[in-house]
Structure formats: C-alpha cells, structure tokens
Amino acid sequence: MASRKPQRTPEEIEDLILRKIFLVTLTPNPENSTSSDPRVVYLEMTAAEILSEGKSLLLSRDLMERVLIDRLSGEFPNSESPFSYLIGCYKRAHEEIKKISSMKDKTLRSEMESAAKQAKKLAVSYVRIHLGNPELFSNGNSRDSNPNSSSSLSSNSPLLPFVFAEVSSGIMLDGFTGNELGSGVDCPPGFLEEFFKDSDFDTLDPILKGLYEDLRGSVLKVSALGNFQQPLRALLYLVKFPVGAKSLVNHPWWIPKGVYLNGRVIEMTSILGPFFHVSALPDHTIFKSQPDVGQQCFSDASTRRAADLLSSFTTIKAVMNNLYDGLAEVLLCLLKNAETRESVLEYLAEVINKNASRAHIQVDPISCASSGMFVNVSAVMLRLSEPFLDANLTKRDKIDPNYVFNSNRLDLRGLTALYATSEEVAEWIKKNNPMETDGSRPPGDVENRVLQSQAASSSGSTLNVKPPTTCGEKAKYPFICECFFMTARVLNLGLLKAFSDFKHLVQDISRCEDTLATLKAMQGQTPSPQLELEISRLEKEIELYSQEKLCYEAQILRDGVFIQNALSFYRLMVVWLVGLVGGFKMPLPSTCPMEFASMPEHFVEDAMELLIFASQIPKALDGVLLDDFMNFIIMFMASPQFIKNPYLRAKMVEVLNCWMPRRSGSSATSALFEGHQLSVEYLVRNLLKLYVDIEFTGSHTQFYDKFNIRHNIAELLEYLWQVPSHRNAWKQIAKEEEKGVYLNFLNFLTNDSIYLLDESLNKILELKELEAEMSNTAEWERRPAQERQERTRLFHSQENIIRIDMKLANEDVSMLAFTSEQIVAPFLLPEMVERVASMLNYFLLQLVGPQRKSLALKDPEKYEFRPKELLKQIVHIYVHLARGDANNIFPAAISSDGRSYNEQLFSAAADVLRRIGEDGRIIQDFIELGAKAKAAASEAMDAEAALGDIPDEFLDPIQYTLMKDPVILPSSKITIDRPVIQRHLLSDGTDPFNRSHLTAEMLIPNTELKATIEEFIKSQQLKRHGEGLDVQSTKGSIQPPSGEMLID
C-alpha cells in the first residue's frame, strides 16, 4: 500500500482513511487489504442508493454520517455493540490522525486531518445519541454491556469503566482490595473530555444522571478498606465539567424527597450520601460496610505487634484524608459555580436539619445518619472553612449573628441559647421586627445571600451588630457566614458527638472489665456453668468494644491535622463571640447583649469539649494559639448573667485543669497561668466565685455534682497558690471580699469538708462490717450465691465511694491548711469562727478519740485514707488560726462546741504528733491553744453561772444561746442573733422561718432588745459579784491514748 500511495488522489486517500475508521466498505472487493479484517462490513444497500444518486462509491466527509447511521442500524453477523463500535471508531480516528501528521504534503495533511477529526467528532456525537437513546440502534444482537464483563458493574453504563480508566491512569489505589474498577479498559485519549465538553445539557443530562447513580451504587456500604477512591475520583472528574455539575444538583436523588425522609434516608439514597458514609467508624448492623475495619485491622489487638497496629492506624488515617480531600474538592467545585452553589448549601442544610436528633444522648440509628458520615462531613466543612481561619481571623466580620434569627436554611431558633430564653428571643425579634407578628421569618433572597459580599470593616476585636432584618428586607448573607454556622452545627452533630460516643465506649469497656474481674473472682471461689457462660459473653463483648475503640482512634484521635483544624475553627468561634460583648476586656458589660445571649449554647460547649479532648491527646495542642481560649474562659466562667448553664461554666474549669503544667506535660501552658495578664488579675477571683455559684445548679443532682466540679476548682486553686502572683491576688481578694465572695467560699469549703470526711468515716465502718461477714468463711459459704454476689458488689461499691469521698475531703482540708497560714481574718469572723472550730474539734475527735480503733484499715492508702497526714493538717489549721488571733476569740469558739470539744483531745493529739515527727514548735503552739481553750471553757461556765436563769426572749430561737447582737427578720418579724442568721445566709439566702428572700443588708437591728440584754447581763454580774462559785465540770473525761492507736 505504501508503494502506491503517491499515485492515489486525495479523494481515494480520504476514502481509505474513513473505511479504516468506520470498518465499512461500499464495494464488495476493495482494493486495499482491510478486507481481510472480519469486522469490516459491506454496506450493500447504502452503496446501491449512492450509485442510484449518481455519486462515487468513495467514502467522504459528506457521506460519513449516512454510512455511520446505516452501519449502526443494520444487522450484521458477529458485529460489536453500538457503544463498543463507536468507541473503536474514535480510537481508530485517533490513530489515523497520528499517521496523517507524518504526511509531507501540507495541503493534503490538513485536508485528511480535518476528515479524521470530523470522524472523531461524529463518533463522540453518536455515542451521546446512543447512550441517551439505547433503543435507537438496538438490533437484537448488539446489546451493550460493560466491556469489563467480569466486573460486578456489568449492568451499569458502558461509559463508567472508561471514566474509571481515565481517573485511575498513573494513580496507585489504596491497595486494600484488588477490585480495581474499570481495569482492562483502555479509554481513548481525549474521548471523555470531548464527550462532556461540546454538547447541550439536555443531551448529556440523562447520561450523567445514570453515571451518578452508578457511582453512588459502587460505594454503597463500602468501608474505609474498600475501593471508594476510583468512584470518588470519577465523581470529581464529572463535576469539573459545568454540565456535570449542573446535572448532579438537578438529579432527583441530589436531595431525596418524600414524607418519610430522614437523616438515614439522605445518607443511603442521595448521590453524595454513600460517599460520606465511607468510614472506619462502627455503624448499625443493618448499614454495616465491608470490609469490616475493626475485624480486619484490630481483632485480637492485645496480642498484635505495636508496629502492625501503627501500620493500620497510618493507613486508615491516609485513606480517610483522601476521602475528605476528594469530597471537599467536589463541593468546592460546585460552590465555585454560581449555578450550583445554592444547591450545595441546600443539601448541607438538609443533612444538618434532618439529623438534628443526633445531638440527643440516645441516637436512633434507623432515622439518623451514621457517626461516620457526620465525622466525614465535619472534616469536609473544616476544609471549606480554611480560607477564613487565618491566624488573624481577618474575615470574622462577615459572620452575622442575625443569621441565627433570620436564616430560613438552618433550624437554629429551637436550640438552647447561652442565656436568653426562647420567649425573650421571640420578644426581642418582635420588638425589632414590628411587622413580624406571627413569628415567621422573612422570605429572604437565598441566591443573593450567597453572592452578597460584605467588606470587613472592623479593625478591632468588636463587631458592629445590627438588629435582625425587618420583614420588608431580604436577608443577605455571604458564603463565609453560611459556612461558619453550618460548620458549627455539623461539628456539634459529628466530631463532638463522636468524642462523646468514644468516651462512653471507653466507660463501657471499663465497666465490662470490672464486671469480668468480679465474675472471674467468683468463679474461682464457686465455679458454675452459668458464670462460665457469662464470662465468655463478656469477653466477646469487650473484644468488640475494643475493636470499635481502635477504629475511633484510627480515624479521629490519630489525625492531628483534623483536631487542629477543629481547634482553629473554635478559636474563631470564641473570638467572634467575644466580639459580640465588646472584645477581650474586663469587666464585662453590665447587661448581656441579646446577640450574645441568643447564640446556641453548644457553640461554647463544643469548644470546651474539644479542648478537653485535645488536651488528652499527646502533641494535639502543639502550635495551637490558646491565649484566646484562655481569655474567653476567664471572662465567662464566673458570669452567670452571660452564660446561664453552670455545668457549661464548670466545663471551662475542666479545660484549665487539663492545662495545668504538671498535668499537660507542656511548659507552654504554664505561660497561660503565670504570664497572662487577664489570668493574674481575674483567674483566682472567678474560680472562687464559681466555687460558690456551683452550690445551686438547679439540677436534681446538684448536691453530688458540686463535689466533682469543686474538685477541679480545688486542684487549680492549689496550683495557683504556688504561683506568687496568683497567691498575692488571692490574699488581696480575701481582704477585699472578707464579707463577700471569700466568706461564702470559706463557708462552702468548710461545709464540704465536714460532709465528706463524716461520710467517709461512716462508710469505713460499714465496709468493716461487710469485711467481717466475708472473712467468716463457714458462714459466708452457707449463704445463697445471689446474696453473696450482691454483698460482694456492695463491698466494691463502698470501696469506691470511700476512695472518692476521702480524696475530696483530703483536698478540702489541705486547702484550709495552706490558705489559713496566710489568710486568717475571714476564719475568725463571728459568723464563721464557731463553725470552723466545731469542724476541727469533730475531726480531732474522730482521729484521736475513743472510737479511733474502729477506723483502723488493713490498707488505708488504698482508700486515700491517710490519718497521720490528716491529723497534721488539722493541727496546722488550729495553729495557723491561733497565731493570727489577735483578739483571742478562737479559744472561746473551740470550747463552746458542746458536741466534740474535750480538753484531753489536745494532749492526746500532741502525743501522736510527737511520735510521727511533727515540728516541735507546732506541737507547742497546739498545746498552748488547748490550754487557752480550757481556760475559756472555765470562764464561760463561770459567766453562765453568773447569769443564772436567762429569760427566753433573750435566747436565740435556733441556737438557744444568749443573743449578743439581736436583729429582726423583715418578713417573719422574728428576732435572732446576727452571727447565727449570717451563718445561715452563707448557705441559704432565705428566712429560715418562712423561706422568703433574705440578705444580710435586709436585717433590722433590734437596738431596744440589745440594750435590755446588756442591762440584764450587767445586773446579773453585779448580783453575783463577790460570791464564790464552785463550778464542777460535768463533762465526761477521755482516757489518754495508750496501746494500739489508729495513728501508730
């Protein structure tokens, strides 16, 4: 053929090229060798028609389409399917163009290239026609199927393998499975681009819709270990074409409709839902994905090599980040396109709104999307937020708080607010929108919301907030604003919910392990088949829980970038919220702005939860700017008029606890406490205030909750006392607030100490009774098995209660000890001194009194019970207060305690202190205090005897002691001694006789009665003057300790 080439005319060359491309001939015996190709079809009828028209049988551009139609419409033996044939035409045209490029004759080359390119274009056009109308060229033996016939996708669009081949070329897949979609298929270069670029929407839309359905199906129930990457790349490839983006958001499954639509339905049936479902996290059995990540990577994890686990962690983290990046790119592609942007926002809003119940403690897996989906959406939304999370947060002014009131996209109004009630918010909106009487939202031009761009105008840290839009205006919000609020909601329902689930999972594992240990101990004593079954069941449950825990760790905890992106977002959140109240400055405004008060409470709660969680992950806080978080916490943790929920403010203390240098293991956090101006000035003050506020939370569990919260505060205060700048601030507060917040703090600290130590010591007695029961082996074995189990459980429960209460009691007594060394005055106030003295006397009685032996334990350290240390601290408090008692009122307060005081306790305690090596000066001062208390007791008895019978109207109605400063309660009109009622008001702000509101300022001095009492005392003293009274003590004596002691 090459030797005859110069003799051919251009028409003959064109005929030859087109016959090669289309594998057809118009003559029965063509001159060239292509007739040997069995695929070449002789179009006899077409040739006859052409001859009848008087035309040449040489193929040309004019005849090209006619010949192609006849080839596709005819029935020929062993012919390819229309799709395969057209793809072949495109490939052959491509090859011919390469050959034509070597022609020397420029004119001929140009003409032949034009013909071959037209053939390519025609092949592409007819592929579109065929795929859009498959029945058009259906001829019985030409049914299209996937060229990769062994694939599970054989019923899908024949175009799909070519898309997979296109996106997979030169890219290594994750390597978990060998199921590479589209393998063995060779996509002709440039075919897909030409297919999707040069055509109208109506032609391509049905083809694209089919492809999207196929891609959705290919990742349905695929886990992180499956092949989701090819379908994801294919999806991204398609949406990069404007027609592909438009077709996707116009698909009926873009946002499924229907009366039964819920979060799970969106996840499983929307086009993007199954892509977002791909995850390593556990899901409900019905929706479980394959391969099973927990089973494949983490089964029998305790016996696996650390390197194997690390490899699994690394791989899962890598493939999940591929998913996040791919999905973020898909959404970004759609958001950049003005035609599709609104649809993306609507989809995200629908996903959020239909899954609002994921915020509940118990989540229904049938009606709510999976944790995996929402963690994925969280990661993707954080990627979309990156442009406005720069270090200086320069775009925060584009976030409008009125979005919460006016958005007709997200359901934000029903969320619990930081301070305002729903009624207050509604009233405020009504006041600003007088026309909005029915509470409906303004319609808003949603397109303009997205396109509207607001210039950042504020250079400071405050925001210029306008009232909500009036009814006649259209709410317009920039994308940054929409993205900010959507990300906040998604993180609440996704990442933060996953943290909560993980925490509960760890607790479940711990509970199961404790139960398992108990059951194994019982099985060792009294074996039974039932116990064996229960042990086996628990072991399987623990194995499953452990797999799930490692899956969470792999996808979330090990992904430092994910955590840091979330921290960057919440840094923006707190800086923006502070802007609503005027910026980072103290004191706060006198009234809380409604914009701040109305913000969803979870905005702050999520920030705190994330900080707590991140603080427990090694290196998660490295490089994170924590100063803004610190400022926010200091500003609001003691401000109930800004953040109403006391548990949320208590959570802020948890964050600070995690940041204490000795706990965080990072020197970076010490600067937050020791070199931070707002911290030095306000931290101790606000911690003391919160310690007081937390007494009344409004919850039915408030009595027990306060101990846990105060434990965190106490740990922080103990650390801050060791920092000179904070200790100085503390002493200043005690001086300024001697009768204010500091006195309240001291009162609650004393109350808690008494309750906790008393509760611990009583529980020790109960524990010893149980211990005695169990040690009597013969009697114990005779009891029914169920009773033994119940008593054993009770024993372990009592152990835990003692351990916790004792730890808290030690903490409180320790704080009383170290603060009383330098701050004495508040302890000696009339309303406090007797309370403190009674507490110390009670503790002393328990530790060295007659009942001390009953508290002896085999292993006291196990229960945090350290009687030697406790006695030392109690004695230190006695001595500190005695040293600072310039007016000598403390000894009298000690001796006036009729419940626990006994002069011999002091000498008994001194003997113990000598044996355990206490400082001699402390012992000497303590003995001297005991002598003073004894003298005061004697004086008090003399004074009491001198007064004789005291009229009832002179006695305090609560304590039945002679009143020194009688006051009238304004509501009940009852007269009471001032120190008694002031002590009551420290714990309870009501009249003890009718529960009406009462404060110290409302007390009315009863000057007349006071004068009468003073006159009575004077007259009685004169009457008794000169008479010798022999008053004998009637108090029982206590034997000094000897032999075996509690503290030995």
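For clarity, every value in this text was computed on a predicted model and none was experimentally measured.

Things to note about the overall build of the chain
Turning to step 1, where the next piece is worked out: Tallying secondary structure elements over the chain gives 42 helices and five strands in all.
Turning to step 2, where the next piece is worked out: Expressed as a percentage of its 1048 residues, the buried residues of the chain come to 52%.
Turning to step 3, where the next piece is worked out: Long-range contacts, defined here as pairs at least 24 residues apart, represent 77% of the contacts in the chain between residues at least 6 apart.
Turning to step 4, where the next piece is worked out: Summing over all exposed atoms, the chain offers an accessible surface of approximately 47300 Å²; the carbon and sulfur share of this is 50%.

Examining helix α32 (residues 724-736)
In an α-helix there are 3.6 residues to a turn, and that puts residues three or four apart on one side.
Turning to step 1, where the next piece is worked out: Compared with the 18 Å implied by 1.5 Å per residue over 13 residues, the 18 Å span of α32 between its first and last C-alpha is a close match.
Turning to step 2, where the next piece is worked out: Along α32, the residues classified as buried are His726, Ala729, Trp730, Ile733 and Ala734. Each buried residue of α32 lies within a common arc of 140° when the element is viewed along its axis, so the set occupies one face.
Turning to step 3, where the next piece is worked out: Among the structural elements, α29 (670-674), α30 (677-693), α31 (702-721), α33 (741-775) and α35 (785-820) are those in contact with the buried residues of α32.

A short note on the packing of aromatic side chains
Each pair of aromatic rings is reported with the distance of its centres and the angle of its planes.
Turning to step 1, where the next piece is worked out: Across all of its chains, the model carries 39 aromatic pairs by this definition.
Turning to step 2, where the next piece is worked out: A centroid spacing of 4.9 Å and a plane angle of 85° characterise the contact between phenylalanine 195 and phenylalanine 196, whose relative ring orientation is edge-to-face.
Turning to step 3, where the next piece is worked out: Judged by its relative accessible area of 0%, phenylalanine 195 falls in the buried class.
Turning to step 4, where the next piece is worked out: Considering the side-chain rings of tryptophan 721 and phenylalanine 818, the 5.5 Å spacing of their centres and the 40° angle between planes classify their relative orientation as tilted.

Looking at the sheet that holds strand β3 (residues 966-968)
Turning to step 1, where the next piece is worked out: Pairing is antiparallel in the open sheet, where three strands are placed in the order β4-β3-β5. The open sheet has two edge strands with one neighbour each: β4 (975-977) and β5 (1004-1005).
Turning to step 2, where the next piece is worked out: One ladder, built from three bridges, connects β3 with β4; its direction is antiparallel. The partner of isoleucine 968 across the bridge, within β4, is threonine 975.
Turning to step 3, where the next piece is worked out: Packed on one face of the sheet, helix α41 (residues 978-987) meets β3, β4 and β5 and runs near 85° to β4.

Structural notes on unusual backbone geometry
Turning to step 1, where the next piece is worked out: Residue proline 291 is reached from glutamine 290 by a cis peptide bond, and omega for that bond is -5°.
Turning to step 2, where the next piece is worked out: Locating proline 291 in the fold gives a position in the loop between α12 (273-277) and α13 (293-298).
Turning to step 3, where the next piece is worked out: Note that the residue after methionine 586, namely proline 587, is joined by a cis bond; omega there is -5°.
Turning to step 4, where the next piece is worked out: With respect to the secondary-structure elements, proline 587 resides in the loop between α23 (560-579) and α24 (594-597).
Turning to step 5, where the next piece is worked out: We note that aspartate 300 has phi near 50°; this positive angle belongs to a residue other than glycine.
Turning to step 6, where the next piece is worked out: Residue placement: aspartate 300 occurs in the loop between α13 and α14 (306-336).
Turning to step 7, where the next piece is worked out: Among the residues examined, aspartate 300 registers a relative accessible area of 46% and is labelled partly exposed.
Turning to step 8, where the next piece is worked out: The backbone of glutamate 864 shows a phi angle near 60°, a positive value even though the residue is not glycine.
Turning to step 9, where the next piece is worked out: With respect to the helices and strands, glutamate 864 occurs in the loop between α36 (830-848) and α37 (867-883).
Turning to step 10, where the next piece is worked out: Residue class for glutamate 864 comes out partly exposed when judged on its relative accessible area of 21%.

Some remarks on the environment of phenylalanine 201
Turning to step 1, where the next piece is worked out: As for its placement among the helices and strands, phenylalanine 201 is situated in helix α8 (residues 201-219).
Turning to step 2, where the next piece is worked out: Along the sequence, phenylalanine 201 and valine 243 sit 42 residues apart, while their C-alpha atoms lie 6.0 Å from each other.

Here's the deal with the nonpolar core
Turning to step 1, where the next piece is worked out: Of all hydrophobic cores here, the largest spans 317 residues; its most connected members are Phe22, Leu159, Phe485, Phe636, Trp659 and Trp730.
Turning to step 2, where the next piece is worked out: Element by element, the count of residues in this core is highest for α33, at 14 residues.
Turning to step 3, where the next piece is worked out: Non-local contacts of phenylalanine 22, meaning those with residues more than four positions away in its chain, are made with Met64, Leu68, Tyr85, Cys89, Ala119 and Leu122.

What to know about the environment of serine 312
Turning to step 1, where the next piece is worked out: Relative to the helices and strands, serine 312 resides in helix α14.
Turning to step 2, where the next piece is worked out: Along the sequence, serine 312 and cysteine 297 sit 15 residues apart, while their C-alpha atoms lie 6.1 Å from each other.
Turning to step 3, where the next piece is worked out: Filtering out sequence-adjacent residues up to four positions away, serine 312 remains in contact with Cys297 and Phe298.

A few points about the side chain of glutamate 695
Turning to step 1, where the next piece is worked out: For glutamate 695, the location among the structural elements is in the loop between α30 and α31.
Turning to step 2, where the next piece is worked out: Residue classification places glutamate 695 among the buried residues on the basis of a relative accessible area of 13%.
Turning to step 3, where the next piece is worked out: A polar contact of 2.8 Å, which involves the side chain of glutamate 695, links it to the side chain of arginine 710.
Turning to step 4, where the next piece is worked out: Leaving out residues up to four positions away in the same chain, glutamate 695 has contacts with Gln702, Lys706, Arg710 and Phe748.

Quick look at the packing of helix α27 (residues 646-659) against α31
A packed helix pair is summarised by two numbers, namely the angle formed by the two axes and the spacing between the axes.
Turning to step 1, where the next piece is worked out: Here α27 crosses α31 at 30°, and the two axes come no closer than 9 Å. Viewed along their axes, α27 and α31 form a crossing whose handedness is left-handed. Contacts between α27 and α31 involve Tyr647, Ala650, Val653, Glu654, Leu656 and Asn657 on the former and, on the latter, Gln702, Asp705, Ile709, Asn712, Ile713, Glu715 and Leu716.
Turning to step 2, where the next piece is worked out: For the contact of α27 with α31, the residue count by class is seven nonpolar, three polar and three charged.

Brief notes about helix α5 (residues 106-132)
Turning to step 1, where the next piece is worked out: In this model α5 runs 39 Å from its N-terminal to its C-terminal C-alpha over 27 residues, within 8% of the 39 Å that 1.5 Å per residue would give.
Turning to step 2, where the next piece is worked out: Capping of α5 at its N-terminal end is provided by aspartate 105; its side-chain oxygen lies 3.0 Å from the backbone amide nitrogen of threonine 107.

Topic: the packing of helix α3 (residues 61-73) against α5
Turning to step 1, where the next piece is worked out: One way to put it is that α3 packs onto α5 with a least axis distance of 11 Å and a crossing angle of 35°. In terms of crossing hand, the pair formed by α3 and α5 is right-handed. Contact with α3, carried on its side by Arg61, Met64, Glu65, Leu68, Ile69 and Leu72, involves Glu111, Ser114, Ala115, Gln118, Ala119, Leu122 and Tyr126 of α5 and no other residues of that element.
Turning to step 2, where the next piece is worked out: Class assignment for the residues of the contact of α3 with α5 results in eight nonpolar, two polar and three charged.

Focus on the pattern of salt bridges
Turning to step 1, where the next piece is worked out: In the structure shown here, the tally under the stated rule is 47 salt bridges.
Turning to step 2, where the next piece is worked out: Across the pair arginine 710 and aspartate 752 runs a salt bridge, and its minimum N-O distance is 2.8 Å. Taken as a pair, arginine 710 in helix α31 and aspartate 752 in helix α33 lie far apart in primary sequence, 42 residues in all. With respect to burial, arginine 710 and aspartate 752 carry one shared label: buried.
Turning to step 3, where the next piece is worked out: Taken together, the shared-partner salt bridges in this structure form one network comprising Glu49, Glu53, Lys55 and Arg66.

Some points on the confidence of the model for the chain
Turning to step 1, where the next piece is worked out: Averaged over every residue, the pLDDT of the chain is 85; residues scoring 70 or more account for 88%.
Turning to step 2, where the next piece is worked out: At the low end of the mean pLDDT range in the chain sits helix α19 (residues 446-451), at 34; at the high end sits helix α16 (residues 371-385), at 97.
Turning to step 3, where the next piece is worked out: Considering only residues more than four positions removed or in separate chains, one finds that residues 1-5, a stretch of pLDDT under 50, has four contacts.

Remarks on the environment of leucine 986
Turning to step 1, where the next piece is worked out: Residue position: leucine 986 is located in helix α41.
Turning to step 2, where the next piece is worked out: Separated by 13 residues in the primary sequence, leucine 986 and threonine 999 place their C-alpha atoms 9.4 Å from one another.
Turning to step 3, where the next piece is worked out: Ignoring anything within four residues of it in the chain, the contact list for leucine 986 reads Leu743, Asn744, Asn747, Phe748, Glu831 and Met832.

Calculation rules
- Residues numbered from 1 in each chain as written.
- Predicted model: local features only at pLDDT ≥ 70, side-chain atom pairs only at ≥ 80, totals over all residues.
- Heavy atoms only, no water.
- Helix = DSSP H or I, 4+ residues; strand = E, 2+ residues; numbered from the N terminus.
- Buried < 20%, exposed > 50% of the residue type's maximum accessible area, 1.4 Å probe, protein only.
- Contact = heavy atoms within 4.5 Å.
- Areas by Shrake-Rupley, 256 points an atom, 1.4 Å probe, with all protein chains shown as cover.
- Expected span 1.5 Å × (residues − 1).
- Arc of directions from axis to C-beta.
- Phe/Tyr/Trp six-rings, centres within 6.5 Å; stacked < 30°, edge-to-face > 60°.
- Pairing = 2+ DSSP bridges.
- Axes fitted to C-alpha atoms, helices over the stretch in contact; angles between N-to-C directions.
- Core = buried A, V, L, I, M, F, W, Y, C linked by side-chain atoms within 4.5 Å.
- Polar contact = N/O pair within 3.5 Å; in protein donor to acceptor, adjacent residues only side chain to side chain.
- Left-handed = near helix turned anticlockwise from the far one by under 90°.
- Nonpolar A, V, L, I, M, F, W, Y, C, P; charged D, E, K, R; others polar.
- Salt bridge = Lys/Arg side-chain N within 4 Å of Asp/Glu carboxyl O.
- pLDDT = per-residue confidence, 0-100.

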